[in-house]
Each structure stands twice: as structure tokens, then as C-alpha cells.
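Secondary and tertiary structure notes
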Amino acid sequence: MAFQTLIVDIQDGVQLITLNRPEKLNALNAELLAELCEALEEADANDKVRCIVISGSDKAFAAGADISEMAGKSMVEMMTANLFARVTARITAIRKPIIAAVCGYALGGGCELAMMCDFIIASETAKFGQPEINLGVIAGMGGTQRLARFVGKAKAMDMNLTGRFMDAKEAEHCGLVSRIVPAKKVREEALAAAGKIAEKGRLAAQAAKQAVNSAFETPLAEGLAIERHLFHALFATDDQKEGMAAFIESREPQFRDR
Ligand code: COA
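Keep in mind that this is a model prediction, so the values were computed, not measured. (Residues numbered from 1 in each chain as written. Predicted model: local features only at pLDDT ≥ 70, side-chain atom pairs only at ≥ 80, totals over all residues. Heavy atoms only, no water.)

Here's the deal with a nonpolar patch on the surface
A cluster of nonpolar residues, Ile-67, Leu-135 and Val-137, forms a patch on the protein surface that exposes about 260 Å² of accessible area. One can find Leu-135 in the loop between β8 (127-129) and α6 (146-151). (Patch = residues over 30% accessible without salt bridge, like charges linked within 9 Å, V, L, I, M, F, W, Y side chains within 5 Å. Areas by Shrake-Rupley, 256 points an atom, 1.4 Å probe, with all protein chains shown as cover. Salt bridge = Lys/Arg side-chain N within 4 Å of Asp/Glu carboxyl O. Helix = DSSP H or I, 4+ residues; strand = E, 2+ residues; numbered from the N terminus.)

Here is the structure:
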């Protein structure tokens, strides 16, 4: 499908989705969010795609939900459309791993979108923030909840109450991002990481994603039970037999997603 606000490219099992409203710092308007959900769902259903990377421009991953689109809305309109709840549900239902490659601003909805991905690779220029308080509102796509779970209460409160931005170093230090790379290398590094994931068996990769994500949704005992169930279930797959046989025979495994 052709998109107006995204550039989509598939190479070697990796789908790169580039947010493409650079003149508005990739502000997330309804059209972009609808297209992003479409693109992710297409990737999830496409057998040629094994891992997904979401990226923005050099200046902005995304500078938040589109303020001009929201500014005149009433409470009733916001509640009736319930746009962010629907978008969040669709993005977090994607089963294939998603990496956020963040250069520049990841603010408000941009930070929340990055946090909905499975991990974040950031450039040295990345800046994260939940500055909605400056607009007289609060985060509406997980910026109080995911941020608190990922970086703890102190920093989540600081970010949501003061609206300050966090640079890449601080974000890595507190566990929001997994790696920092020079700005010119961020897409390359994210695509390389996605390429590594694309080499794994899809069933195990999806199980790993589901298991880690359940750490943020469940009490420990329940999360451990989910992990164990998925671990045991993978023994019903050909990929487990192949992966372990390949190790014993000192060769590379040939996973077939079965
Ligand atoms: N929604 C709508 N438009 C946005 C936007 C947003 N969240 N963020 C940036 N833009 C637009 C600007 O209005 C401007 O458009 P214009 O050229 O038609 O005037 C364009 O993107 C460039 O932004 P600008 O503010 O001129 O860039 P800057 O380098 O001076 O500042 C930011 C960059 C990110 C600090 C600033 O744009 C900003 O604070 N954006 C809003 C961040 C925010 O509050 N996000 C949470 C939203 S809920």
C-alpha cells in the first residue's frame, strides 16, 4: 500500500518504516497514526518480514502528537474518538519485534511511540521528553505508565512534571535506551540489530518478545509462569530440535519457523 506520511522499505527480512512529515518534526497526526498501524499490521502479516525498525528524520523521531490537530478538540470529541487508545492497542498487538531508531526529538507521543517498540537505539543527539504539562495536559499514550516502569518513579515524575528533556546519555543510564551510536549510524545500527533478529527462528523471537513484555504487565510469579509456558512450548517446534542439533554438531542452525 502507498503511504502519504511514511516511507516503507523491506530488505533482507527487515521492514524499515520511516515517519515522513519532516517539516512538522514528524508530529503524529491522525493520518500518520492510521498509516503507521496499517504498515505495522501489514509487516506483521508478511512472511518476508521478520523484524521491524521505526525511524524518523535526523532532527526528530517524532515531536509528539499533532498539537494543531488536537488544539480545538472538546473533551467529548477526544473521548468519542479515543484515538490514542485504539492506536496503542494496535501497535502493541504486533507480534514481530520492533526497534525504534531515534535521532533528535522523541517527545510526547514520539517518546511514547518509541517506548511501545521493543527497544530503542538512540543517536547521541536524541532527546526524550514528556512535555505535555507545558500544554496544560498530561501524556495520553503511556508517558506516565511506561516511562515509570522503564526508568522508575523519580525520573518519570521529573519528566512529566517539569517537562524537561532527557539526553541520550541520561536515557541510556536509566535504561530507557539500549545503545547510543553516532547520529549518522543510528539507522545502520538498528537495521543491523534487526538483521540479527531476522536470522533467529520467528517463533522463538516472538516468544522472547511476549515473555519480556509480560514482565511489565504481570506480577513476577505470573510472568515467570508465562515465560516457562513459552519455553516449554518451544520444545514442540522443529526450530528447537534444529537449534540444539546445530549447536551439538558445531554448525549454523537453519531455522524454518516451524
Ligand atoms: N504538533 C504539531 N506541530 C509540531 C509539533 C507538534 N507536536 N512539534 C513541532 N511542530 C511543528 C512546528 O509547529 C513547526 O511548524 P511550522 O514550521 O509550520 O511553524 C515545525 O514543526 C518545526 O518546529 P519548530 O518548533 O519550529 O522547531 P524548533 O527546532 O524551534 O523546536 C521543538 C523543536 C521539538 C522543541 C518544538 O517544536 C516543540 O516544542 N514541539 C512540541 C513538543 C511537544 O510539546 N510535544 C508534545 C505534544 S502532545
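Re helix α12 (residues 238-248)
Buried residues of α12: Asp-239, Gln-240, Glu-242 and Ala-246, and no others. Seen from one end, α12 has its buried residues packed into an arc of 170°, which puts them on one side. The elements touched by buried residues of α12 are α10 (202-214). (Buried < 20%, exposed > 50% of the residue type's maximum accessible area, 1.4 Å probe, protein only. Arc of directions from axis to C-beta. Contact = heavy atoms within 4.5 Å.)

Details of the pattern of salt bridges
Tallied over the full model, the rule gives 12 salt bridges. Measuring nitrogen to oxygen at the nearest pair gives 2.8 Å for the salt bridge that ties Glu-41 to Arg-90. Of this pair, Glu-41 sits in helix α1 (residues 30-45) while Arg-90 sits in helix α4 (residues 83-92), and the two are 49 residues apart along the sequence. Of the residues examined, Glu-41 reaches a relative accessible area of 32% and is grouped as partly exposed. Arg-90 sits in the partly exposed class, given a relative accessible area of 30%. Here Glu-170 and Arg-164 are joined by a salt bridge, their closest N and O atoms 2.7 Å apart. Take Glu-170: its relative accessible area is 18%, and that puts it in the buried class.

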